[in-house]
Each structure stands twice: as C-alpha cells, then as structure tokens.
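Residues per chain, in single letters:
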Amino acid sequence: MSSNIQVKRICQHCGVEFLAKTTVTQYCSDRCGKRAYKQRIRDSKIQKSDQETEEKKLVPLLELKDKDVLTVKQVATLLKCSRRAVSKMIDSGRLAAMKFSERNTRVRRSDVEDLFQCQMPEVVFRVDPPQIKFKVEDCYTIAEAENLLGMSSAAVYHYIKRNKIPKFQEGRYVYVPKKMIDSLAIKKSPLSTSKS
C-alpha cells in the first residue's frame, strides 16, 4: 500500500532536509540508514571497550583491599602516585616501611592510612609591638628632615629605615619624631666626627 502524503523531515545521519512518505522515516536514503546503523554498532563497541578498561583498572584496587602488607608498587597504585614518590616518603620517614633487602620493601596498610590522619600544623599569628603615639608638634615633616639633615628625600627615607625611626602619616604629610632626627643630625654633623 503506497502513501500519498509527503512530510518534510531532516535526515538523522546527514542532516539534509527531504520529503518522506511516512511520519516515522528517519533517513533520507538507504545509504544514510546503513551508515547510521554502522555508526551505532561502532559506538556500542567503543562503549563496551571503555567499560572493560574501567573494570580492569578497578581490579588491582579491589585486590589490594584485602591485603595487610603491601609492596611499593601496590602502595603507589593505592595512592595513585609514582613508585619514586612512595620511595621518597619511605626515605624521609613519613611512611613507615620494612626493608628486607634493597629491592624488597614492604609497607603495612595501617601505616598508609596513617598518612591521612596527620594533624594540621598550628597557625602562629605575628603580633606587632604596640606603636608609640607622637604628637604632630613634636615631629618634623620629611621635607623639614631633608633640610635639617641636608639629604634628598630618598636618602632621608633610607636613613629612617636603617635607623628604625618610627614614622606616621597624618593627612598629606609623613612625620618623624624631632628627638630622633635631632640626635641623628648631631651624629652626622662634622663637629662630632672631628672630636672622635
């Protein structure tokens, strides 16, 4: 029995629009139908192969579940790291192990589990010493300190830093204590150097 209807459809394989004689037609031609079938078979084989690979990956982990004593290779498989990393942990003492010979090392499963039960290190906060408050009247600005010491601005900042002189900013100006700058000016003066 032939059909007189014509329905616009899009081919599920090549994506081309075509006129179909039924409402359930999926492919524009026999060729596209065969190619789609082959693609489905190919995809199912790939999916099956991927599933087998995942199952093979899990086999070593399932075997290790029941063992109490492990080799270095088995510990590396369990921790998902290299054998060299496991050897470094053993050499550094982070992982306890028994060396029967140079190539024959065994690790207890409980020692591997103890790696993950380490305590977090205590965080020590640095406490800055309380700063002494100075009045603005008892301080020089940086420009005044430059004139008094006869130095450039960069040299004054370096001098202040080297001698550990406290400074503070108020508004646009940076202030330093007069007493400390005066004592440095006396040390720096040529009269003090000629007496010594």
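The structure displayed is predicted, hence computed values, not measured ones.

Rules used throughout
Residues numbered from 1 in each chain as written. Predicted model: local features only at pLDDT ≥ 70, side-chain atom pairs only at ≥ 80, totals over all residues. Heavy atoms only, no water. Helix = DSSP H or I, 4+ residues; strand = E, 2+ residues; numbered from the N terminus. Buried < 20%, exposed > 50% of the residue type's maximum accessible area, 1.4 Å probe, protein only. Pairing = 2+ DSSP bridges. Axes fitted to C-alpha atoms, helices over the stretch in contact; angles between N-to-C directions. Core = buried A, V, L, I, M, F, W, Y, C linked by side-chain atoms within 4.5 Å. Salt bridge = Lys/Arg side-chain N within 4 Å of Asp/Glu carboxyl O. Parallel < 35°, antiparallel > 145°, perpendicular 65-115°, else oblique. Contact = heavy atoms within 4.5 Å. Expected span 1.5 Å × (residues − 1). Bend = angle between axes of the 7 residues up to and from the residue. Nonpolar A, V, L, I, M, F, W, Y, C, P; charged D, E, K, R; others polar.

**Topic: the overall build of the chain**
Move 1: Tallying secondary structure elements over the chain gives 8 helices and 8 strands in all.
Move 2: Counting every position in the chain, which comprises 196 residues, the buried fraction comes to 20%.

**Concerning the sheet that holds strand β5 (residues 104-108)**
Move 1: Strand order in this open sheet of 3 strands is β3-β5-β4, and the pairing throughout is antiparallel. Looking at strand neighbours, the two that pair on one side only are β3 (69-71) and β4 (98-101), the edges of this open sheet. Along the sheet, successive strands turn relative to each other by an average axial angle of 30 degrees, direction set aside.
Move 2: Here 3 bridges tie β3 to β5, and the two strands are oriented antiparallel to one another. Bridged to Thr-71 within β5 is Arg-106.

**A word on the nonpolar core**
Within soluble globular proteins, side chains that are nonpolar tend to cluster in buried spots.
Move 1: Counting 14 residues, the largest nonpolar core has Ile-142, Leu-149, Val-156, Ile-160, Ile-165, Val-176 and Ile-181 as the members making the most contacts within it.
Move 2: Listed in part, the 11 residues of the second largest apolar core include Val-72, Val-86, Met-89 and Ile-90.

**Examining the pairing of β4**
Move 1: Where β4 and β5 come together, 3 bridges link them in antiparallel fashion. When the sheet's bridge partners are listed, Met-98 is paired in β5 with Arg-106.
Move 2: The turn joining β4 and β5, which pair antiparallel and follow one another in sequence, is formed by 2 residues.

**Quick look at unusual backbone geometry**
Move 1: The residue Lys-80 is not glycine, and still its phi comes out positive at about 55 degrees.
Move 2: Looking at where Lys-80 falls in the secondary structure, it is placed in the loop between α2 (72-79) and α3 (83-92).
Move 3: For Lys-164, which is not glycine, the phi dihedral falls at a positive 55 degrees.
Move 4: Assignment of secondary structure puts Lys-164 in the loop between α6 (153-162) and β7 (168-170).
Move 5: Judged by relative accessible area, which is 73%, Lys-164 ranks as exposed.

**Considerations on the pattern of salt bridges**
Move 1: Evaluated as defined, the whole model comprises 4 salt bridges.
Move 2: Between Lys-99 and Asp-91 there is a salt bridge, and its shortest N-O distance comes to 3.4 Å.
Move 3: When its relative accessible area of 59% is taken as the criterion, Asp-91 is described as exposed.
Move 4: A salt bridge links Arg-108 to Asp-111; its shortest N-O distance comes to 3.2 Å.

**Brief notes about the sheet that holds β7**
Move 1: Strand order across the open sheet formed by 3 strands is β6-β8-β7, with antiparallel pairing between neighbours. The open sheet has two free edges, formed respectively by β6 (139-141) and β7, since each of these has just one partner strand. The sheet shows a mean angle of 40 degrees between the axes of neighbouring strands, taken without regard to direction.
Move 2: Looking at chain direction, β6 and strand β8 (residues 173-177) are connected through 3 bridges and run antiparallel.

**Remarks on the packing of α2 against α3**
Two numbers describe a pair of packed helices, the interaxial angle and the distance between the axes.
Move 1: Interaxial distance between α2 and α3 falls to 8 Å at its minimum, and their mutual angle equals 105 degrees. Taken together, the axes of α2 and α3 lie roughly perpendicular to each other. For the pair α2 and α3, the contacting residues are Val-72, Lys-73, Val-75, Ala-76 and Leu-79 in the first and Arg-83, Val-86, Ser-87, Met-89 and Ile-90 in the second.

**Here we look at helix α1 (residues 30-64)**
Move 1: Here α1 spans 53 Å end to end across 35 residues, near enough to the 51 Å set by a 1.5 Å rise per residue.
Move 2: Where α1 bends most, the angle comes to about 25 degrees, and this point is Leu-58, followed within four residues by the proline Pro-60.
Move 3: Every buried residue belonging to α1 is among Cys-32, Ala-36 and Leu-64, and all of these are buried.

**Topic: the packing of helix α5 (residues 142-149) against α6**
Move 1: The geometry of α5 relative to α6 is characterised by a closest axis approach of 9 Å and an angle of 95 degrees between their N-to-C directions. Between α5 and α6, the angle falls in the class roughly perpendicular. Touching Ile-142, Ala-145, Glu-146 and Leu-149 of α5 are Ser-153, Val-156, Tyr-157, Tyr-159 and Ile-160, all from α6.
Move 2: Per-class residue counts for the contact of α5 with α6 are 7 nonpolar, 1 polar and 1 charged.

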